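Structural overview
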Amino acid sequence: MRRVVIVGYGMAGARLADELRRRDHDISITIIGSEPHAAYNRVLLSTVVAGTMTPESTRLHDEKWAAEHNIDLRLGYEVAEIDRASRTVTIESTRGASVLSESTEGPRVSVQYDALVLATGSTPWVPPAEGLVEDGRLAEGVVAFRTLDDCAEIEAKAHKGAPVVVLGGGLLGIEAARGLAGRGCLVTVVHPVGHLMERQLDPGAGGVLARTLGQLGIEFKLNSLAAKYLPGDGLILDDGTHVPAELVVVSAGVRAETSLAVKAGLEVDRGIVVDDALRTSDPRIHAIGDCAQHPGTVSGLVQPAWDQAAVLADRLTGANPAARYLGTSVVTRLKARDVDLAALGDVHTDVDCPDSEVLCFQEPSRGRYAKLVLRDDRVAGAIVLGAPDAAATITQFYDRGIPAPTDRLALLLGRALPAEAASPADLPSSAVICRCNTVSKGQIVSAWRSGAETLPQLAESTRATTGCGGCKDAVCGLLDWLGASQPASA
Amino acid sequence: MSVIDGQVAPGPGGLCQKGWTAGELLRHPGRLTTPLVHGRPASWDEALDFVASRIKEFEPDEVAVFGGGGLTNEKAYLLGKFARVALKTSQIDYNGRFCMSSAAAAGNKAFGLDRGMPFPLSDLKSADTVLLAGSNPAETMPPFLRHLEGTRLIVIDPRRTATAERATLHLQPAPGTDLALALGLLHTAVIEGVIDKEYISSRTSGFDDAWRVAAQWWPEHTERVTGVSAADQRAAVHMLAGRSYILTGRGTEQHASGTDNVSAWINLALALGLPGRVGSGYGCLTGQGNGQGGREHGQKADQLPGYRKLDDPVARQHIMDVWGVDWLPGPGRSAYELLTADDLRAMLVFGSNPVVSAPRASGVAERLKALDLLVVADFVMSETAAMADVVFPVTQWAEEDGTMTNLEGRIIRRRKALDPPAGVRSDLHLIHGLAARLGCAEKFLTEPKEVFEELRRASAGGPSDYSGVTYERLDAEQLHWPVPSVDHPGTPRLFLDRFAHPDGLARFVPVDHKGPAEPPDEEFPLQATTGRVLQHYQSGAQTRRIGELMKAVPEMYVEMHPDTASRAGLASGEPAHVVSRRGRVTATVRCVPSMRADAVFLPFHFPGDGRANLLTNPALDPTSRMPEFKVCAVRLEQVCDES
């Protein structure tokens, strides 16, 4: 029986275990997780900070899951080393290790693998400002926005009226800022670039987004770096400005967690390098999720991890040994109340670019901005802010590779709107008034001319209105119109 | 409705064009009035003798019975008994498998009992909001909309249907993504704080497991898969919080994941605290005239009368006692499996036209052609009847007594208004005639009222208990099952105190989205979905014979976005081929600007080359055995001029 050992019980590791078990009831699965509690859904942390979801609701599995699915789950363990020759990992307890180590070599255990999967995730990157880090840990009053424990700390300190600084105006930073503003905090976002979410937005969209968030009470320091953190007081920025803060939330990006891979001698660049089979430089060892580096992927999002888990499960169980991971097309979708933003594909093409069709619409006063980049008749990129229907529709065209509508503008509007109700006089004679009985305007007019001048009489002679009853208003409108036009036509 | 001088007169509700013109079929020149044996007119005795003698040549399980959801309760009951007692075959199923089976399976899982609507239809009038998932009553059942006047309507349909046009909110998911949308709405209901926690803890079990799946469907993720915006998902759950009903139809049920789809809608209803309370609930909208009663009394492969299970020893003993037999066959195969089984030699079809209505219809037609004996009972020459060795002309609605059970579980009397044409007999007579020749005449009564009396005894004590229902009571009062005794007032609303599981709780069923069984690809880049138009009913065997309806909708067509048409070199009004891995349909192009650019729609009422079911995918739901009628991969082709 194949033994799969998964290092890391986060979203990628948990998903892989689910996908493996769904395909194969017998394959041996061991998961090694360093945190003492069950895996949770990191994507939902911003809703925990916003206060609309409890930490408990974010858990991916309950306590019975491992036993019910015959999974050897080792919580509170870390991998000390990987022995590639003997295909074993040595794991050791992360809690109470000192107590246990008094009794011989108890907490160190060896685990054999046929396939090892590194799903070690990533760690927050902390900007090099003085005082943010003390003795290798974040200083008092500084929190990353990464774990459930972080959320608990943020919740404890983010009381109404508290000044809070969010370091980083990327996707997660803005989600955190929006959640905190919703709790009544006085939020300032400090961002090193000239506009927000510069990876996903062009300057125009970034400007409209900042304006919209500004109306929700969030302030911004753009083109600014934190220089110094003063506990209990706030931040000094690189231009000398002082920003008060009882709490600093760090959301300045993540770095792939690669230390184990480096130690094992695997090829590592920004992340652990993998091929389309999600193999590292040792074909027995795989990597998925934030710790992995695949050319078709950007890190820090859950969709690539899920896609990779499905492919790897196909391969490891033999359900589809030829499965390949060819990258994930990313659609960035901000999860923030009252701010509807989607960004996808190539958004940095200018409106006057000769080899693309680019449409742009701006209405900053209402928080709307839309940009559409088309190439070969297909959606190559888009930013849609403040137009939720268009965001959903354009995403479908992008993901499914559907040729864009001939009417490009309709795509920016996002929705086929129902036709305006025409006045009875304007309808053609063949227009069907009563769908249930296929009664046209012409038939109603003839029936009226033959003496059916009231609704019951018309119903009796044409059956109009006798089905669902939905055309009653239209038929009454026709009767009024016929009545009013009578003298003229007589 | 009633018939006065051969003319239809509406009841207190309303009638659409199908109802108004239904009288035309009673005296239609195409009406069958004599049995046919190999196409030649024969007497009833000759035809019955022939069929009985052929049946005797086969082993019991080589003979199958295929019933219909339009048959009266009496006929459906007697047909199930006929298969198991006279033919001694396990091979019986019916076209309701293509209709209600997913909703029935999910209802049983969640509530421990399946009654389409566990509340009276008239309750809908008091609702704030009604959500219709995959239902288009403006086409299929227009008078139903009278019950929705004044309520806010949420319609979930990939197409902007006539019903969607009337909706306060129309959510337009990509074909085959209903389950993802239902999961997204459950997730959104949780984060928007509109779930009913008190109800979840006191009246249900299993929420945590269902949530762990739904937790992975946050609105923005759901949006990406379904195309329904996160904003619309939020709007929908806020509309649903309160006095609301969630109703499902075939659009969400006719999938290889149909049971799971319905479970997901029920999970949403349970999280919102809707079922088992006055003024809110979950229900499904039945598709055929007797879609509810037809699934309760034993023409389903695994069922005995009273909605009993055929594999339950207690149920078997009860029915054997009522029927006076000491043996019953076990469960048989489901509809599509039956229609394509290569170990069958004979099939008796009642009230169904599977060569038009079954998925991958060309394969079904081939298989039926290969049988040694195909017998069809119908009142017009349907496409299936036209293939049959023997055809029996039977009575229709206004010519017979009986009962039907409607979508709210209410038993309705059908009263005979006219004598049938000479040569036409009731299905009950046909069953009796065959049973007599197979040596058990006395077990098969022919008077509807007598059969109903027996059905009462057979259903007594079962989930759908009719033992307290009599024809006389039905003349005087409205009775919803169960009616366990003659002094019982019936049960208009189920589950008010407890659900039908032993612990009294409703169950969340954890289900996840898998997507269509046949995703689009380069060769077949579009998704086809099938459905009804107002003027036609089911396979069209009846409605295609009515001039007025044919004038309104005369021929097969395919709806698509104008861009989709022009990209395929097609234009409105011109013929096109729609091609799937299973077949090719010829249809006239209709350009509809509200269609998705990657989907086409085909009505399923037309025969021959226009059969939408030549295309459909027979992938079956693992629980309900429902085929995936509602989504398959296709491409469009121009029709080349042969000349």
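As the structure is a prediction and not an experimental result, all values here were calculated from the model.

Moving on: the interface of chain B and chain A. Chain B puts 42 residues into the contact, and the matching count from chain A is 40 residues. Only helix 1 (17-21), helix 6 (162-165), helix 7 (178-191), helix 9 (207-214), helix 10 (219-226), helix 11 (230-240) and helix 22 (562-567) of chain B provide two or more residues apiece to the side of chain B that touches chain A. Here the side of chain B that touches chain A is composed, by residue class, of 22 nonpolar, eight polar and 12 charged.

Residue and element names in this part refer to chain B. Looking at the assigned domains, one finds that chain B contains domain 1 (1-30), domain 2 (35-95 + 296-480), domain 3 (101-285) and domain 4 (526-638). Distance from the C-alpha centre of domain 1 to the C-alpha centre of domain 4: 28 Å. Contact with domain 1, which involves eight residues of that partner, is made by nine residues of domain 4. Considering only residue class, the side of domain 1 that touches domain 4 consists of two nonpolar, four polar and two charged.

Residue and element names in this part refer to chain B. When we look at burial in helix 14 (residues 313-323), the residues that qualify are Ala315, His318 and Ile319. Along helix 14, the residues classed as buried sweep out an arc of 90 degrees about the axis, all on the same side. Facing away from the buried surface of helix 14 by more than 90 degrees, the exposed residues are Pro313, Val314, Gln317 and Asp321. Packing partners of the buried residues in helix 14 comprise strand 13 (303-304), strand 14 (308-309) and helix 19 (448-459). A positive phi of about 65 degrees marks Gly324, the residue just after helix 14.

Time to look at the pairing of strand 16 (residues 234-237) of chain A. Residues and elements named next belong to chain A. Sheet topology note: the strand 15 (residues 226-230)/strand 16 ladder contains four bridges and is antiparallel. The residue bridging Ala226 from the neighbouring strand is Leu237, located in strand 16. Here strand 15 folds back onto strand 16, and the loop between the two strands holds three residues, one of which, Gly232, carries a positive phi near 75 degrees. Looking at chain direction, strand 16 and strand 17 (residues 242-244) are connected through three bridges and run antiparallel. Looking across to strand 17, one finds that Leu235 is bridged to Val243. Between the end of strand 16 and the start of strand 17, which pair antiparallel, lie four residues, with Gly240 showing a positive phi angle near 90 degrees.

The subject of this paragraph is the sheet that holds strand 26 (residues 368-375) of chain A. All names here are of chain A. Judged by pairing direction, the sheet is antiparallel, and its five strands sit side by side in the order 23-24-27-26-25 without closing on themselves. The strands lining the two open edges of the sheet, one partner per strand, are strand 23 (331-333) and strand 25 (357-363). Each neighbouring strand pair of the sheet contributes to a mean axis angle of 10 degrees, computed without reference to strand direction. Where strand 25 lies against strand 26, seven bridges are found, and the strand directions are antiparallel. The residue of strand 26 that forms the bridge with Gln362 is Tyr369. Helix 10 (residues 388-400) rests against strand 23, strand 24 (341-345), strand 26 and strand 27 (378-385) of the sheet, and its axis sits at about 160 degrees to strand 27.

Each value, and the rule that gives it
- Residues numbered from 1 in each chain as written.
- Chains lettered and ligands numbered in written order.
- Predicted model: local features only at pLDDT ≥ 70, side-chain atom pairs only at ≥ 80, totals over all residues.
- Contact = placed C-beta atoms within 7 Å.
- Helix = DSSP H or I, 4+ residues; strand = E, 2+ residues; numbered from the N terminus.
- Nonpolar A, V, L, I, M, F, W, Y, C, P; charged D, E, K, R; others polar.
- Domains from an automatic or database assignment.
- Buried ≥ 20, exposed ≤ 12 C-beta atoms within 10 Å, placed from the backbone.
- Arc of directions from axis to C-beta.
- Pairing = 2+ DSSP bridges.
- Axes fitted to C-alpha atoms, helices over the stretch in contact; angles between N-to-C directions.

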